[in-house]
Structure formats: structure tokens, C-alpha cells
Amino acid sequence: MRKYFGTDGIRGEANKELTVELALKLGYALGHTLKKQYPDKKRIRVIMGSDTRRSGYMLRSALTAGLNSMGINIDFVGVIPTPGVAYLTQKSTAKAGIMISASHNPARDNGIKIFWEDGYKLPDEVELEIESLMDNVEEITKDPIAGDEVGRFTYAEDEYYLYRDHVISTVSGDFSGMKIILDAANGSAYRVAKEVFLALGAEIVVINDAPNGKNINVKCGSTYPEILSKVVMGYEADLGLAYDGDADRLIAVDKHGNIIDGDKIIAVLALGMKSRGELKNNQVVTTVMSNMGFESYLSDKGISLIRANVGDRYVLEKMKELKVNIGGEQSGHIILSDFGTTGDGVLTSVKLVEAIRNSGKSLDELVNEIVDWPQLLINVRVDNTKKNLWNKNETIVKYIEEKEVEMAGLGRVLVRTSGTEPIVRVMVEGKEMETVERVAKEIATIVEKELI
């Protein structure tokens, strides 16, 4: 059982759950782990970036203190998407990358994601080792290094351009003649998305690109694309593209204002890849949350859908195992492993626009054959200490089993715990919306009654 790490790093409300003390301990523990991993290397370098949250500066200072005191050098690359940190880590001599962000969560939250030198997130066994060290910092800091040997902190924000140029390089040709609205969620995409699409020749309008430390994800971005829908229609644009706070997710909007989720984006990209002979094994990896209508559509096109547990790390594990080069989540976290090691909203957006341009069709035309089965997701907010107890509660488990029998052949029931928030997610999918709504509400009521 993990104590600090969840499915996507360490996350919680800044200054309450994710404290300065916790970040300092993580700095000590990660520094110790890196020195143990590379005993012959005199100087170890780490890439660090952040999104636009106010608390990022506080956590950066604590992490820096811990790492520098262990002799680790830090290159701080400023505000940058999470995949930018992963890319810069992989392409440099750095031995780890750190991103300070809580992704799509509210501004009061924050998180710390760590990448290994290959650009992939830490293996489970390394996270567990770091957790153990965090609870024993007195032992690993009892023999501190000399004051003139501590690590240094360097502003290296120019390294951002290496990531920006990488994203641009993944596209052949340009996007001249296309009008696109970008929603930067007042987060990490506020600069790079604009620069990438301008470089590719698109006519763009950017909204929510004025971060102030508190407005990240507030009624904007991939978790709130309704405003983007109105702007797209108002400007008569070809499409809209919405990112989340750390720009590792993408949700699109077609010219009619319809919201296009991650499943449909994956479908468009996968079909284009298949037509060019680039889709490995004619498979895509998604999660248990992906719609059954989407699965049926891919099957008709000769593409198999493989389901993984929710969380990009589990999608990536399955992609590696099966040698698949596209995977992702309905939420818009999409991994294109030919170009990156983690979900990348800006990269996905340029590849989506490239696919639309190459097809000669509009986005709505490309997805109109995908007919989703009705699906309802209810988030039951519970105490953080109780969220993992739902599947140990006999009343809840028995009730879910009864509903699964009821839905057999008509749909499916999925109940799971959020890896990043104090929430139990109840998802029901089926052929009839009336049945879906009734079953989902019944299960959510039982969960709430038993856990609150």
C-alpha cells in the first residue's frame, strides 16, 4: 500500500496535504536514491518544471533545498507542460525530471511527478523505495556533505524551446488556411500552444492564456470546454482545442460546438495511422472507462481495442507490453509513443489537426460514425481516508454485484477510486439511458450512505 505516491505522483491540497515538509523529505529521498543509482557520477543533474499555480514556487523551494543539500544540481526550466519535462529529461544528460503540477485539479491542489532519465515515470519499486526513505530522512541526512559541495540551482528556461521545436517537428507541412481556437486553461500551455500553431501557419485565437496563479482550470480548459464551444461557433472556426492545467490532456471541439473526447480523438488518429501503415499491430490501448460504442466502431475498422486500468501509467505499461504506439484515456490523456514517453496535449493537438488536414474532411465528419452508448459517471466525494474502502464494504460490494447481474447483456458497471482526488467514481454504461441513470444513481446512493 502506497503512503505518498498515487497513480500520478504525489498530490494533495498544497500547504495542507502536500506540505513544504513533505516536499523537503521527497527532495532528500530522491537525492539519496539518485546518488545510490549513480555512485560513480560526481555531479547528478535534474530537470524541474512547473505549471502556473501559486504554490508551485513554495514547493519548488522545498524540493530544491532537499535535492541541493544532497549534492544534486537542478535546471529549472520554468512553466512548461508535463511532457516537456519528460522530453527534456530523456534528451539530456539529466538523471531525473520533476514536474510540479496537479494537472486538471483546482488551483488549491498541487502535485509532484517524477520521471526517470528515460523520460518515463518512476517504476513502482522505485516509488516504494523513495517512500521508505522519506520516513527515514534522519538516517540519510545524518552525514551531510560539505557546504561548498552542495548542488546548485540554475534557471534554464531557454530549454523550453527544445521541447517547443520538437512538437513542431512532428508535423509535415503546415496548417495554413485553418482557423483554430486554443483554450490554454490558464496553465502550462499558455505560451507553447500559441507558438506551435503560429509556427505551423494556422490562424488562431487563444483564450484563457493569462495565468495569475489562481485561475488555472477555473471554468476553462479540457475539464470545462463549454466556453470553447461557444467561441468556436462565434468565430466560425474549423475546430477548438482545450488543454488541462499541465497540458498533458486534450479535448477537442468541432465546428458545430460538439465536444470530442479522448476516445474519439484516438479513433481519428488511429485510423490515419492505419491508413499509412503506422498503426502497430492494428491495436490501440485505452482504459476500462472507454465507451463500448467506440470499441464497436474500431472493431468495424479492423482495429482492436485493449483495455487497461485507469491511469496513464497503466495504459503505457500495456502499450509497452503489446508494442502498441497509441493509447490513452477518454479524459484526453493520449500517448503517442513514436514521439513521446507520456501523454502530451499539445503534441496530440498538432497530430489531430494534421490528421484532419490530410483527410480533407472536417472533425465532425471524421467522428460522426462513432455512436456512443449512453454512459453516466457520478463522482461521490468521500473522506480521503475512506475512499479505498468501498470494495471492502460488504453492503456496497453485494449491491454492485446485483446491479451487474441486472445489466448483463445490456451494459456494464464500473466503480473505482480516483487516484488523485477523494472521490469514488461510479460509472454505468448501457444501451438505454433510462436504465443507466437509474442504476448509477442507485449505486452512488449506497456508496455515499456507507462511506460518508
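This section reports on the structure supplied with the text. Note that the coordinates shown come from a computational prediction; the quantities given were computed from them, not determined experimentally. (Residues numbered from 1 in each chain as written. Predicted model: local features only at pLDDT ≥ 70, side-chain atom pairs only at ≥ 80, totals over all residues. Heavy atoms only, no water.)

**Looking at the sheet that holds strand 11 (residues 259–260)**
Logical step 1: In space, the 5 strands of this open sheet follow the order 8-7-9-10-11, with mixed pairing throughout. With partners counted over all chains shown, the strands left at the sheet margins are strand 8 (203–207) and strand 11, one partner each.
Logical step 2: Bridging between strand 7 (residues 179–183) and strand 9 (residues 239–243) involves 4 bridges; their strand directions are parallel. Following the sheet pairing, L182 is matched in strand 9 by L241.
Logical step 3: Taken strand by strand, helix 8 (residues 226–235) contacts strand 7, strand 8, strand 9, strand 10 (250–254) and strand 11, and its axis lies near 155 degrees from that of strand 7. (Pairing = 2+ DSSP bridges. Helix = DSSP H or I, 4+ residues; strand = E, 2+ residues; numbered from the N terminus. Contact = heavy atoms within 4.5 Å. Axes fitted to C-alpha atoms, helices over the stretch in contact; angles between N-to-C directions.)

**With respect to the nonpolar core**
Logical step 1: Membership of the largest hydrophobic core comes to 64 residues, with the highest contact counts inside it found for I180, F197, L241, Y243 and L352.
Logical step 2: Every residue in contact with I180, bar those within four places of it in the chain, is listed here: F197, A202, E203, I204, V205, L239, L241 and V353.
Logical step 3: In terms of nonpolar packing, the next biggest core, distinct from the first, is built from 34 residues, L22, F76, M134 and I140 among them. (Core = buried A, V, L, I, M, F, W, Y, C linked by side-chain atoms within 4.5 Å. Buried < 20%, exposed > 50% of the residue type's maximum accessible area, 1.4 Å probe, protein only.)

**Brief notes about the side chain of Q330**
Logical step 1: If you trace the backbone, Q330 turns up in the loop between strand 14 (326–328) and strand 15 (334–336).
Logical step 2: Owing to a relative accessible area of 17%, Q330 belongs among the buried residues under this scheme.
Logical step 3: Side-chain polar atoms of Q330 contact the side chain of Q375, separated by 3.2 Å.
Logical step 4: Discounting residues that sit within four places of it in the chain, Q330 has contacts with I251, D261, G262, D263, M289, S290, N291 and Q375. (Polar contact = N/O pair within 3.5 Å; in protein donor to acceptor, adjacent residues only side chain to side chain.)

**Some thoughts on the packing of helix 1 (residues 20–37) against helix 2 (residues 55–69)**
Logical step 1: Between helix 1 and helix 2, whose axes approach to 7 Å, the crossing angle comes to 35 degrees. For the crossing formed where helix 1 meets helix 2, the hand is right-handed. Of the residues in helix 2, those touching helix 1 at V20, A23, L24, L26, G27, Y28, L30 and G31 are M58, L59, A62, L63, A65, G66, L67 and S69.
Logical step 2: Among the residues forming the contact of helix 1 with helix 2, the class breakdown is 12 nonpolar, 4 polar and no charged. (Left-handed = near helix turned anticlockwise from the far one by under 90°. Nonpolar A, V, L, I, M, F, W, Y, C, P; charged D, E, K, R; others polar.)

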